[in-house]
Amino acid sequence: MLATFLIGLREGLEAALVVGILVAYLRRLDRRDALPRLWAGVGLAVALALVIGAVLTFGAYELTFTAQELIGGGLSLLAVAMVTWMIFWMQRAGRTMKATLEGGVDRALTAGGIWALVAIGFVSVAREGIETTLLLWSMVQSFGDAPSALLGALLGLTAAVLLGWLIARGALRLDLRRFFAWTGGFLVIVAAGVLAYAVMDLQEAGALPGPFTAAAPLDPATGAVLVGAAALPFGWAFDVSAAIAPGSPLAAILQATVGFMPAMTWLQVIVWALYLAVVGTLYVRGIRGQRPRAPRDAAVAAASSPLPQQGAA
């Protein structure tokens, strides 16, 4: 519940802030008549996310096990790709997002068509909605505890709407840069876990080599799939199911936070570690690059800059 709560809170607050910027700008332009069109676009985006979630949830029951695993693994990969792109997009575009959104509203109002502003509201929220739906669906599939996961997401989205409303009203001040920095780091870790689960799905479906395929290294005495260093690269990296039961609360917490499962294949561990190493390093570098320059550094830079020429204005 905690993991899905934080995801719902971050993604919901991002969408709420976008909508808040659009609504505030229309009010500042004294174009309250255009608000219904904006809200229509937002409503369509929310409806699309719900429809996608329903199709993924109920459509899977009509598929074979192999098809479920293939689709589940593929959608989990798509969710990881979308989350990764969104994390770095926020790092780059966060400072100019307000100006970009207001420019889009200006163009929509100039065009004058009813669908232009509907499209602004739809596009602004649909991206976060689809991303959140795919990520939550992937996590629910991996946890196997849909009620708790969905309740956590619902509570997170509710809290996000409330926080967004308070921020728009000026009743709450929140360091959004720090909030998105910490939650973005959490999403990197969650995405690594979802990626590892996607690999497991694809291995179970036979799309990737692993313990469930003919590529599995076997113990010549017992015929069981090997575990440990001898199982590289397509066997089990470890299996601590005897100490941590797969369905226990501890296993659920570890999987939700760091992507740990009681039994993981070598391919899962390698992909998980590579994702964290590459994406985590790039993310931390991006955060450090956003830090404001210290006053001393600014003074040194100003002192070392060339002096203006005589007579310059």
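Refer to the structure presented above.
(A) Broad picture of the overall build of the chain. The secondary structure content of the chain amounts to 10 helices and two strands. Order of helices (α) and strands (β) in the chain, N terminus to C terminus: α-α-α-α-α-α-α-β-α-β-α-α. Within the chain, the fraction of its 313 residues that count as buried is 42%. Long-range pairs, those at least 24 residues apart, make up 73% of the contacts in the chain with a sequence separation of at least 6. Total accessible area on the chain is roughly 16800 Å²; 69% of this is exposed by carbon and sulfur atoms.

(B) Region of interest: the side chain of Thr84. In this fold, Thr84 is placed in helix H3 (residues 65–93). Since its relative accessible area comes to 15%, Thr84 is described here as buried. A polar contact of 2.7 Å, which involves the side chain of Thr84, links it to the backbone oxygen of Val80. Polar contacts involving the side chain of Thr84 include one to the side chain of Tyr275, which spans 2.6 Å. Leave out the neighbours within four places in its chain, and Thr84 touches Tyr275 and Val279.

(C) Quick look at the packing of aromatic side chains. Per the stated rule, a full pass over the model turns up four aromatic pairs. Taking the centre distance of 6.1 Å and the plane angle of 25 degrees together, the rings of Trp85 and Trp89 count as stacked. With Trp85 and Trp89 both in helix H3, this residue pair falls four residues apart, about one helical turn. Relative accessible area serves as the criterion here: at 44%, Trp85 is assigned to the partly exposed category.

(D) Representation of unusual backbone geometry in the model. Cis geometry marks the peptide bond from Leu232 to Pro233, where omega comes out at -5 degrees. Within the secondary structure layout, Pro233 lies in the loop between helix H7 (176–204) and strand S1 (236–239). Its identity as a non-glycine residue notwithstanding, Asp30 has a phi of 60 degrees, on the positive side. We classify Asp30 as exposed; its relative accessible area is 60%.

About the cut-offs
- Residues numbered from 1 in each chain as written.
- Predicted model: local features only at pLDDT ≥ 70, side-chain atom pairs only at ≥ 80, totals over all residues.
- Heavy atoms only, no water.
- Helix = DSSP H or I, 4+ residues; strand = E, 2+ residues; numbered from the N terminus.
- Buried < 20%, exposed > 50% of the residue type's maximum accessible area, 1.4 Å probe, protein only.
- Contact = heavy atoms within 4.5 Å.
- Areas by Shrake-Rupley, 256 points an atom, 1.4 Å probe, with all protein chains shown as cover.
- Polar contact = N/O pair within 3.5 Å; in protein donor to acceptor, adjacent residues only side chain to side chain.
- Phe/Tyr/Trp six-rings, centres within 6.5 Å; stacked < 30°, edge-to-face > 60°.

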